[in-house]
Amino acid sequence: MKIITEELVKKVIKKRTPLSHKGDYGKILLVGGSEQYGGAICLSAMGCLYSGAGLITVACAESVRQNIRQLTPEVMTLNYEDEATLEKLIPTFNVIILGSGLGLEQTGRKVFHFVLNHRRKEQFLIIDGSGITLFAEEKLSVSAPEKIIFTPHQKEWERLSGLEIAQQTTENNQEAQKKLQSICVVKSHETTIYSSAEALKNTIGTPAQATGGMGDVLGGMIGGFLGQFAKNNSSYAEIIAAAVFCHSYGAKVLAEKQYVTLPSQIAKLLPEIMKYFSQN
């Protein structure tokens, strides 16, 4: 077990070169946001945008698209039931975030399988929220699992791994990760990233983060970080660990003056946090 430190974050977040453009910083597709859970995909889009992703598209329920435009006008949108457009666009992204606010109803299930069936093995796929439950329920498998990232909270991890919360020790979690062959970000007061290498633990979390939507912002951040930094010398697990650390670091800064921190506040603080770590 290795503790995530500021030094690791500085290794991942690099200064941007003068000769660069939005295409250099990741092209991300987020799929989720049913009518009932539209806020989740909005927060995930915020996490992705404010963490520096270059080009972002959200595929969501038609009723949610206007909310995306209002909160993050920089983000493009489409109706996730427009299969012809979605099929054409999916291969153009290098990162896909699937499941935030997708729901477990028939439409969500159909969209979930459509994206899985059209995703290419060279693309990162972050499975979050409802996507984790659907994956676990149907006992699915995926190609190129080393580029799959699951982001479960402890109850979702129970569904995915079969481990009850009391059984979720470091050793048991690592064994479950080996079976999945994917990177698993098990969220708790000390979120831990399990991969084929060593486990990476975040120890700077705060109870001020105990607010709905925290994981949605984090999922978007992980997509944004992978889209930007995967070509650097850091491992995928280290890049994800840097996102987890920055997420908690933002909450820690806010919690110095606030009793609770809102996920949207953390997202908006990210450009300053990343600037700090890129220069120190």
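Heads up: the structure comes first, above all this text.
Bear in mind the structure is a predicted one, so any value in this text is a computation, not a measurement.

How each quantity is defined
- For every chain, the first residue of the written sequence is number 1, and numbering continues from 1 onward in sequence order.
- Local features in a predicted model are, by the rule used here, given only for residues with pLDDT of at least 70; side-chain atom pairs are given and counted only at 80 or more, and totals for whole chains, interfaces and linings are based on all residues.
- Only hydrogens and water are set aside when side-chain values are computed; all heavy atoms of the structure are taken into account.
- Whenever a carboxyl oxygen of Asp or Glu lies within 4 Å of a side-chain nitrogen of Lys or Arg, that contact is scored as a salt bridge.
- A run of H or I in DSSP becomes a helix once it reaches four residues, and a run of E becomes a strand once it reaches two; helices and strands are each numbered from the N terminus.
- In this scheme, a residue with accessible area under 20% of its type's maximum is buried, one over 50% is exposed, and one in between is partly exposed, where area comes from a 1.4 Å probe on protein chains only.
- A pair of strands counts as paired when DSSP detects no fewer than two bridges linking them.
- Note on contacts: a residue pair qualifies if any of its non-hydrogen atoms lie within 4.5 Å across the two residues.
- The axes used here are C-alpha line fits, helices contributing only the stretch in contact, and every angle between their N-to-C directions lies in the interval 0 to 180 degrees.

### Brief notes about the pattern of salt bridges
In step 1: If you walk through the whole model with that rule in mind, you get nine salt bridges.
In step 2: Salt-bridge contacts for arginine 109 lead to glutamate 137; the nearest nitrogen and oxygen are separated by 2.8 Å. Linking arginine 109 in helix H5 (residues 106–118) with glutamate 137 in helix H6 (residues 130–137), this pair joins segments that are 28 residues apart in sequence.
In step 3: Residue classification places arginine 109 among the partly exposed residues on the basis of a relative accessible area of 25%.
In step 4: On the accessibility criterion, glutamate 137 (44% relative accessible area) is partly exposed.
In step 5: When the shortest N-O distance is used, the salt bridge between lysine 187 and aspartate 128 registers 3.8 Å. On the criterion of sequence distance, the pair formed by lysine 187 in the loop between strand E8 (183–186) and strand E9 (192–194) and aspartate 128 in the loop between strand E6 (124–127) and H6 is long-range, its members being 59 residues apart.
In step 6: On the accessibility criterion, lysine 187 (15% relative accessible area) is buried.
In step 7: Overlapping salt bridges bring together Arg109, Glu137 and Glu138 as one network.

### A look at the sheet that holds E8
In step 1: Here 10 strands make up an open sheet; going across it, the order is E1-E10-E9-E8-E7-E6-E5-E2-E3-E4 and the pairing mixed. Strand pairing shows two members of the sheet lacking a second neighbour, strand E1 (2–3) and strand E4 (76–79), which therefore form its edges.
In step 2: Sheet topology note: the E8/E9 ladder contains three bridges and is antiparallel. Each residue of the ladder has a partner; that of cysteine 184, found in E9, is tyrosine 194.
In step 3: The strands touched by helix H8 (residues 170–180) are strand E7 (148–150), E8 and E9; relative to E9, the strand with the most contacts, the crossing angle is about 40°.
In step 4: Here helix H9 (residues 214–229) sits on the sheet in contact with strand E2 (27–31), strand E5 (95–98), E6, E7 and E8, set at roughly 170° to E5.

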